[in-house]
Amino acid sequence: MFAALLRRLRTDSPRWARNLGLVREHFAIATRHARVRAEWAPHLRASREAILAAAVRCARRERALVIGAGDCLDVPVAELAEQFAQVTLADIVVSATAKDFAKRFPGRVRCVQWDATGALARLAVLRDALAAPDVPKLFAEADPGPPPGGEPDFVVSANCLSQLGLVPAHSLPAAEKDKGLPDRCAKVAARRHLDWLAERRTAVRVLLVDAARLDLAPDGVTIQKTETLYTRFGLRPPDRTWRWNLAPIPEWSADFHRVHDVGVWIDGPLA
Ligand SMILES: C[S@@+](CC[C@H](N)C(=O)[O-])C[C@H]1O[C@@H](n2cnc3c(N)ncnc32)[C@H](O)[C@@H]1O
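Calculation rules
- Chains are numbered independently. Their residues run from 1 in the order of the written sequence.
- Residue-level local features of this predicted model are given only where pLDDT is at least 70; pairs of side-chain atoms are given and counted only at 80 or more, and the full residue set underlies all totals for whole chains, interfaces and linings.
- Excluded from the side-chain calculation are hydrogens and water; included are all heavy atoms of the structure.
- Note on definitions. A residue lies near a molecule or strand when any single heavy atom of the residue is within 4 Å of it.
- What qualifies as a polar contact is a pair of N or O atoms within 3.5 Å, subject to a donor-acceptor requirement within protein and to the restriction that residues adjacent in sequence count only when both atoms come from side chains.
- Each accessible area is a Shrake-Rupley result for a 1.4 Å probe, and residues are judged covered by the shown protein chains and nothing else.
- Residue polarity is assigned by list, with Asp, Glu, Lys and Arg as charged and Ala, Val, Leu, Ile, Met, Phe, Trp, Tyr, Cys and Pro as nonpolar; anything else, Gly included, falls into the polar class.
- Under the scheme used here, helices are H or I runs from DSSP no shorter than 4 residues and strands are E runs no shorter than 2 residues, and both carry numbers assigned from the N terminus.
- For each residue, the accessible area found with a 1.4 Å probe, counting protein chains only, is set against the maximum for its type, and the residue is called buried under 20%, exposed over 50%, and partly exposed in between.
- Residues count as neighbours in contact if any of their non-hydrogen atoms are within 4.5 Å of one another.
- The axes used here are C-alpha line fits, helices contributing only the stretch in contact, and every angle between their N-to-C directions lies in the interval 0 to 180 degrees.
- An angle counts as roughly parallel when it lies under 35 degrees, as roughly antiparallel when it exceeds 145, as roughly perpendicular when it falls between 65 and 115, and as oblique in every other case.
- Pairing between two strands is assigned when DSSP locates at least 2 bridges connecting them.
- Crossover handedness is defined here as right-handed if the route from the first strand over the helix to the second strand goes clockwise, with the strands pointing away from the viewer.
- Centre distance within 6.5 Å is the pairing criterion for rings of Phe, Tyr and Trp, where only the six-membered ring of Trp is used; planes under 30 degrees apart are then read as stacked, over 60 as edge-to-face, and the remainder as tilted.
- Only when the NZ atom of a Lys or the CZ atom of an Arg is both within 6 Å of the ring centre and within 35 degrees of the ring normal do we say a charge sits over the ring.
- A pair of sulfur atoms, both from cysteines and within 2.5 Å, is called a disulfide here.

Draft legend 1. A look at the site of the ligand. Around the ligand sit 22 residues in total, of which Gly-68, Leu-73, Asp-74, Asp-91 and Asp-115 are the nearest. The separation between a nitrogen atom of the ligand and a polar main-chain atom of Ala-158 is 3.2 Å. Considered on its own, the ligand offers 590 Å² of accessible surface; in the complex 95% of this is hidden by protein. When its residues are assigned to classes, the shell around the ligand shows 13 nonpolar, five polar and four charged.

Spelled out as structure tokens, the structure:
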């Protein structure tokens, strides 16, 4: 209890990130992980292995950048710190865990508060005044700017793509009347992030993402499947894929398990 409170106090974020629901989402992930740790373990292990397998492709090992580092559950920070001169852990919510890594590897690991969409500060200012059609436009036109820490040799988008537009859009008054708005914002912000990643041409790029969402009955039969990426962006089949038992019964529902098909796409130079 006291440890959890301390972690909250050591977590940094801009005030507007709280208004946009990002801080609440950060702690929701942490508390769910604490409840279903065993179910998440294979997914987290597979994520860390995929990231390290991709890092082998790097000829230059000056800078690694992790976007959406969060609590670094799926990120092999210590191993990256051994391989790269500088590891930047970027997130809009800088966690106590990320800060602990920076302390453990002084000068090699650093935490940066950074908005991967480039839209959120403005979105927060305009949040009450924005009409629904203006919100996706704001995400489409925003510029996240250059990568924090300088152009990386290795960049990991760590399971944040589907959240970039979705979480903040859910918090907007405009979304109360327009239920499809968060999904439209998610799509535009994800497209923008993929384009930004593709601009990092000299880097090995790892996109780690929930590619489909499934609801499974207690006997394992699929009740519903929603593709989140393949169909929307026409990506090639992923280089690696596995299932993440995200919310086993009764986490999300008493009737079904919420499961993600995770995909990993690795692009960029070969060593
Ligand atoms: C599903 S969590 C990823 C978990 C994290 N990789 C871990 O291992 O704990 C998504 C992360 O993306 C971050 N995020 C969401 N929107 C962001 C944005 N616009 N810029 C930077 N990070 C963002 C969230 O704060 C959260 O930590």
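Draft legend 2. Geometry of the environment of Ala-64. Along the chain, Ala-64 turns up in strand 1 (residues 63–67). Note on Ala-64: relative accessible area 1%, which makes it buried. In this structure, Ala-64 is in contact with Phe-84, Gln-86, Val-87, Thr-88 and Phe-154, ignoring residues within four places of it in sequence.

Draft legend 3. Quick peek at the packing of helix 3 (residues 22–35) against helix 4 (residues 37–55). Contact pair helix 3 / helix 4: the axes reach a minimum separation of 6 Å and the direction vectors enclose 105°. Here helix 3 is positioned roughly perpendicular relative to helix 4, judged by the angle of their axes. Listed contacts from helix 4 to Ile-29, Arg-32, His-33, Ala-34 and Arg-35 of helix 3 are Arg-37, Trp-40 and Leu-44.

Draft legend 4. Spatial organisation of the pairing of strand 3 (residues 109–113). As paired strands, strand 2 (residues 86–91) and strand 3 are joined by five bridges and run parallel to one another. Bridge pairing in strand 3 places Thr-88 opposite Arg-110. For the crossover that starts at strand 2, traverses helix 6 (residues 96–104) and ends in the parallel strand 3, the hand is right-handed.

Draft legend 5. Molecular detail of the packing of aromatic side chains. Considering all chains together, one arrives at three aromatic pairs under this definition. Arranged with centres 5.1 Å apart and planes meeting at 85°, the rings of Trp-40 and Trp-244 form a pair that is edge-to-face. Placement of the pair is Trp-40 in helix 4 and Trp-244 in strand 7 (residues 240–247), with a sequence separation of 204 residues. Summarising the burial analysis for this pair, Trp-40 and Trp-244 share the class buried. For Arg-8, the ring lying beneath its charged end belongs to Phe-27, and the centroid distance is 4.0 Å. Its end group placed over the ring of Trp-252, Arg-258 keeps NZ or CZ at 4.4 Å from the ring centre.

Draft legend 6. Region of the structure containing the packing of helix 8 (residues 134–141) against helix 11 (residues 181–198). Across the interface, helix 8 lies against helix 11 with an axial gap of 8 Å and an inter-helix angle of 10°. Of the possible angle classes, the one that applies to helix 8 and helix 11 is roughly parallel. Note on element contacts: helix 11 touches helix 8 through Leu-181, Arg-184, Cys-185, Val-188, Ala-189 and Arg-192, opposite Val-135, Pro-136, Phe-139 and Ala-140.

Draft legend 7. Geometry of the pairing of strand 1. Burial of strand 1 is extensive: four of the five residues sit out of reach of the surface. With five bridges connecting them, strand 1 and strand 2 associate as parallel partners. By the bridge assignment for strand 2, Arg-63 is matched with Gln-86. One crossover worth recording links strand 1 to the parallel strand 2 by way of helix 5 (residues 77–83), and it is right-handed. Here strand 1 pairs with strand 4 (residues 154–158) via four bridges, running parallel. Counterpart to Val-66 in the pairing with strand 4 is Val-156.

Draft legend 8. Focus on the environment of Leu-207. By secondary structure assignment, the location of Leu-207 is in strand 5 (residues 204–216). Residues Leu-207 and Ala-254, 47 residues apart in the sequence, show an inter-C-alpha distance of 32 Å.

Draft legend 9. Expanded view of the side chain of Thr-117. Relative to the elements of secondary structure, Thr-117 occurs in the loop between strand 3 and helix 7 (120–126). Among the residues examined, Thr-117 registers a relative accessible area of 4% and is labelled buried. For Thr-117, the side chain forms a polar contact with the side chain of Asp-115, separated by 2.8 Å. A distance of 2.9 Å separates the side chain of Thr-117 from the backbone nitrogen of Ala-119, its partner in a polar contact. When neighbours within four sequence positions are excluded, Thr-117 is seen to be in contact with Phe-139, Ala-142, Asp-143, Pro-144 and Leu-164.

Draft legend 10. The arrangement of the state of the cysteines in detail. As enumerated under the stated definition, the model contains zero disulfides in all. Unpaired in this structure, Cys-58 has its nearest cysteine sulfur neighbour in Cys-72, at a distance of 18 Å.

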